[in-house]
Amino acid sequence: MSTAQTTSKTVAAVGSVAQWTEDRTGASKAVREFGRKIFPSHWSFMLGEVALYSFIILVLSGTFLTFWFKPAMAEVVYQGPWTALHGVTISEAYASTLEISFEIRGGLFIRQMHHWAALLFMAALTIHALRIFFTGAFRKPRELNWVIGIVLSMVGLGAGFTGYSLPDDLLSGNGLRIIDGLLKSIPLVGTYISFFLFGGEFPGIHIVSRLYSLHIMILPAVLIALIGVHLMFVVIHKHTQWPGAGHSEKNVVGEPVLPTFAAKGGGFFFLIFALVAFISAIFTINPIWNYGPYDPSPVSAGTQPDWYVGWADGILRIMPGWMEFYIFGYPISLNINIAIIIMLLFWGIAMVWPWIEAWMLGDNREHHILDRPRNNPTRTGLGVAAAVWYAVMWAGASGDLVAVFFHMSLNDMIYIFRVLFIVGPFIAFFLTRRICLSLQRKDRELVLHGHETGQIIRLPHGEFQERHQPLTPHEVWALTAFETPQVLPAQPGKDGKVSGLERVRARMAKYFYEDRIHPVTKAELDAAHEAHHHDEVAAGDHDDHKGLEK
Amino acid sequence: MKLLAARRRHPMALVVLLLVGLLLTGGAYSLFTGSTTASADEYSAADVEAGQKLFVTNCATCHGLNAEGSENGPSLIGVGAAAVDFQVSTGRMPLQMHGPQAQVKQAQFSEEEIAQMAGYVASLGPGPAVPDEEWLDTAEGDAAAGGGLFRTNCAMCHNVVGSGGALTRGKYAPNLTEVSEKHLYEAMQTGPQNMPIFNDANLSPEEKRDIITYVREVSETPSAGGFKLGSLGPVAEGLFIWFFGLAGVVGITMWLTARSK
Amino acid sequence: MTSIQHSGGPGGQVEEMNGFQNPGLPEHKPRITDSSPAAERLAERQIAAWFIVSMIGTIWFIVAYFLFPVGDSGALVRIHTAGVGLGATVALAGLGIGIVLWAKNLIPDAEVVEDRHDIAGSEEDQAIALEILNQAKDESGIARRSLIRNTLIAAVAIAPLPAILVFRDLGPLPGDKLFTTLWGEGVKLCKDIGMIPEENQIEPIRASDVTIGSVFHVIPENIRDSGHPLDEKAKAAVLLMRIDPSELNTDPDREDWGVDGIVAYSKVCTHVGCPVALYEHQTHHLLCPCHQSTFDVTNHCKVIFGPAKRPLPQLPITVDSEGYLVAQSDFREPVGPTFWEINTRETNA
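A few points on the structure. (Residues numbered from 1 in each chain as written. Chains lettered and ligands numbered in written order. Predicted model: local features only at pLDDT ≥ 70, side-chain atom pairs only at ≥ 80, totals over all residues.)

1. As for the overall build of chain A
In terms of regular secondary structure, chain A is built from 20 helices and 10 strands. Projecting the C-alpha coordinates of chain A onto the three principal axes gives extents of approximately 95 × 75 × 65 Å. By the burial criterion, 49% of the 550 residues in chain A qualify as buried. (Helix = DSSP H or I, 4+ residues; strand = E, 2+ residues; numbered from the N terminus. Buried ≥ 20, exposed ≤ 12 C-beta atoms within 10 Å, placed from the backbone.)

See the structure below:
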């Protein structure tokens, strides 16, 4: 086996340690498999990594915090350094959080890193998901990874909320009180769920230790497992890439893992770590010492959850009271349940969207080249509509602060949010779709007529014209290499009849994709060049509104 | 009592007497208890007279010629000197325009004039007096006790550290960090606008002083964690991570993926 | 396999779209560091400088850790936090910037093309996999031996039941807990003094203390008799207000539930349970700071705005022989958020 000898010689040259490892792990196979794997380089492809790195920071800083935090609700009288709470009865959970903040060196810094990293984790995860959606990166073969991503955001929300509730301060306690109300409103079993979760009546003495187990064991374990599968799929599928010269559905163009991508990714990790450290060094987050211990009677103005739970709180604020009604004396608290319903609906639709889109278009092909958002106006419009809907619910949770800040009436704010909750997504959809179509027209103009140069030339017969610089073939390819979604008419089934479902599909496809702009074809470009040349002689009108197919 | 006797010949005396009488007999519920309630004892007759003139020219349009109140303004009989001092020296009164609630602005009168008007209003009926220095001395107060009282009685409107908050229909509870000790005390005592009144049976002068001490302490102590982001809680933190944190992230990713020259 | 391509075909593929040919990767332009050895050396020194900056940051962290004490007022902790935090920032940022500059300026930056392969295995792989599965099916007899298979499915289906059942003792059943509070006949209304230790007295409230425009945050005098004061407080917290009786629209059934305009209402929101603590003494509105439900005290705390549906329950009160305010009974309806069994029984009142 001469190749084996050469390989082992090469490895031996690297060092006996490597050989030792190789003999026990067979690592060379992995290096060969992954070492030259290609990752395309674009800033928008790095957002998921930010979530990953934030998660690593969370695990590291969280482990540090567990060494001092006491997840117990036994009462102690505070006598620590924070004088504004001297002599006050507080729980051990709250006391140990105060200890971490005021008595452990570096404790407050790491506590703030943990909380800021949590906010960044959810924010990065969210814009990563938006990037995936708007570029169509969820399409075959990546549907399952998209679903995993949505589940990650759901579990991340749970992990965040359980953490927010641990210090047992006034803010988190009132948050739990809202959760208690939310649970109690569930028909039939709500009261039981509440009693089981809290170990009896709210607030009880068990909730902090129970949430702690979830927060440091089950939820992070699920997150780690899902992140692992998520990354594994990225390797299996290879990364998507933007349309561009040299890029095709059959290849992936970019940097190899070793050394370029590994170095950039490693450096990026330290940079994200540095950003979180910087924010945590000088910006206060969750100053629990100000909130005081949890007590069911007081509450602070501006009681809000962390941002990623805000939309749930916003729904609770926006819904009117008449949505609670009674059937045979049993309450249906739709004004409260709807928060859970909307959240599940939102996540649910997001999860099945890849299949809905593929079904509507009858498209069962793999897609590795991304859509520029403008080139799929319908999807982009729907995505912006969903984002606006989410944003209205989210903003709803801060209505009181917005009202004070802009000197508006709190009540008017809520009326505005109620209206926007209904009409906001529709306006967003139609507006976004129009904007996308306009941008596509602009692209067509650019391809057909070239860059404006700012040079004015005078034609022989006296007319002034601006000279246009034709695009390079590379530029033309980047702007024209896309497919316009095709509206597939209703197809007969095996029995030769068109089923009702198929009719619905065809109608939806027609509604969503009928308005569309075609990319410029070579024939059109040639014709335009011809006309241009002709124009410069005959000075004819060269406005072009072709391409909008009705 | 001597002062009262001296003013018996005053043209307003009869009206005042009548109203005071009505108030005393009719209103078990308008009883003010506690040590800081005072009548016009500390103001001279001249002050009261000057105050009345100022009142008639500046306040009577809304509060009535005899401070009996009108459609546009409440009766000031029995509100006490503390209410006048609070409302006028914070610039809330005279009202600039009708709105959900009176706004803080530059005080329109000198301290002396304010004292004269306070004296006049105090002469109309017993009400809370301007607080003694003793109750404003935060060196004497207990911030921890004040914190407990503040969370129970104040935080729901003014936020746990006094950053303020929204009330119904455009009204709001103001930020307390810049409010003087005296005005904090007077506000608790007199319940300006929609703020409830915290009489001395509810919060004793010592307890009020504890609350003031707490407010001072939390607004003057730098936050252990760094910049406070307005002490507005998770909303400010969320906005910060979206607009500063993510902007930083996107900046880093763009630098990272840009080709070197 | 990978291969470096400059302005050649895209990975050897010929691509055509809308009549255009894929022009292939643009020509690779060398960086200054690729062509100028001086620039390369400068870049090298620059990167090393960042690593030195990182070391300075690490030392800064260590110095700050020992130099700035904690355990005192907020100001000291602030200095410590900023000290170690900025040290860590410099240490991490120096590392990050150095490594990224290395990657950007010194490591070759030519784009590399990798071919994609089918995600699905080859037909041969699929056939072999199917064969293995079929063999497993035959050898185990899972399809054939239906008795074993079906009993196995049934056993697995019910096996999780104990795993669910063991969670039964997470909490007691609700019983009548949501229908009772500490309030009862003759229980004095006392001032809520927050989380102050037991030595401190809780003060009962006299009717004469409650002047017009006042609001008192109230707990029952027997709050400390219960094993779980916070659980009881979560239900028994009450707001006490005095309003000119002429402004109150009192229900005939509740004529004697107040004392001269003094009325007491549950402080627990009927929406999701936040303390409805904001009292506006001119409008007589109670506002919940969490979700903005607004209750009108003059109309028995009916909801006039926001997401709550039910009015706040009223606590019937009276005055005892010493002039203290006392409850006439418990609440006549359950307090707090709506729950499924809310109308299934009466309260203890």
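Having put the structure on the table, let's press on.
2. Here we look at the interface of chain C and chain A
Accessible area lost during the coming together of the parts is what is often quoted as the interface size. Taken residue by residue, the interface counts 86 residues in chain C and 103 residues in chain A. As defined by bridge partners, strand 4 (residues 251-256) of chain A adjoins strand 4 (residues 112-115) of chain C across four bridges and the pair is classed as antiparallel. Directly across from A:Gly254, in strand 4 of chain C, lies its bridge partner C:Val112. (Contact = placed C-beta atoms within 7 Å. Pairing = 2+ DSSP bridges.)

3. Thoughts on the pairing of strand 7 (residues 451-458) of chain A
Side-chain direction in a regular strand flips from residue to residue, so the side chains alternate between the two faces of the sheet. Residues and elements named next belong to chain A. In terms of burial, strand 7 is a largely surface element, zero of the eight residues being buried. Examined bridge by bridge, strand 7 and strand 8 (residues 464-469) share five bridges and lie antiparallel to one another. Residue pairing in the sheet places Ile456 in a bridge with Glu466 of strand 8. Here strand 7 folds back onto strand 8 in antiparallel fashion, the turn holding five residues, of which Gly462 has a positive phi close to 105°.

4. Some words on the sheet that holds strand 13 (residues 314-315) of chain C
Across the sheet, which stays open at both edges, the five strands sit in the order 5-6-7-8-13 (chain C) with antiparallel pairing between neighbours. The open sheet is flanked by strand 5 (189-191) and strand 13 of chain C, the only strands paired with a single partner.

5. Description of the interface of chain C and chain B
At the interface, 42 residues of chain C touch 36 residues of chain B. Elements with a minimum of two residues in the side of chain C that touches chain B: helix 3 (74-105), strand 6 (215-220), strand 9 (278-280) and strand 10 (285-287) of chain C. Ranked by the residues each element gives to the side of chain C that touches chain B, the list is headed by helix 3 of chain C, at nine residues. Residue composition of the side of chain C that touches chain B, grouped by class: 17 nonpolar, 16 polar and nine charged. (Nonpolar A, V, L, I, M, F, W, Y, C, P; charged D, E, K, R; others polar.)

6. As for the environment of A:Phe417
Residues and elements named next belong to chain A. Locating Phe417 in the fold gives a position in helix 17 (residues 410-449). On the neighbour-count criterion, Phe417 (21 C-beta atoms within 10 Å) is buried. Placed 98 residues apart in sequence, Phe417 and Met319 show a C-alpha to C-alpha distance of 9.7 Å. Other than its neighbours up to four places away in sequence, Phe417 contacts Ile318, Val392, Ala395, Gly396 and Gly399.

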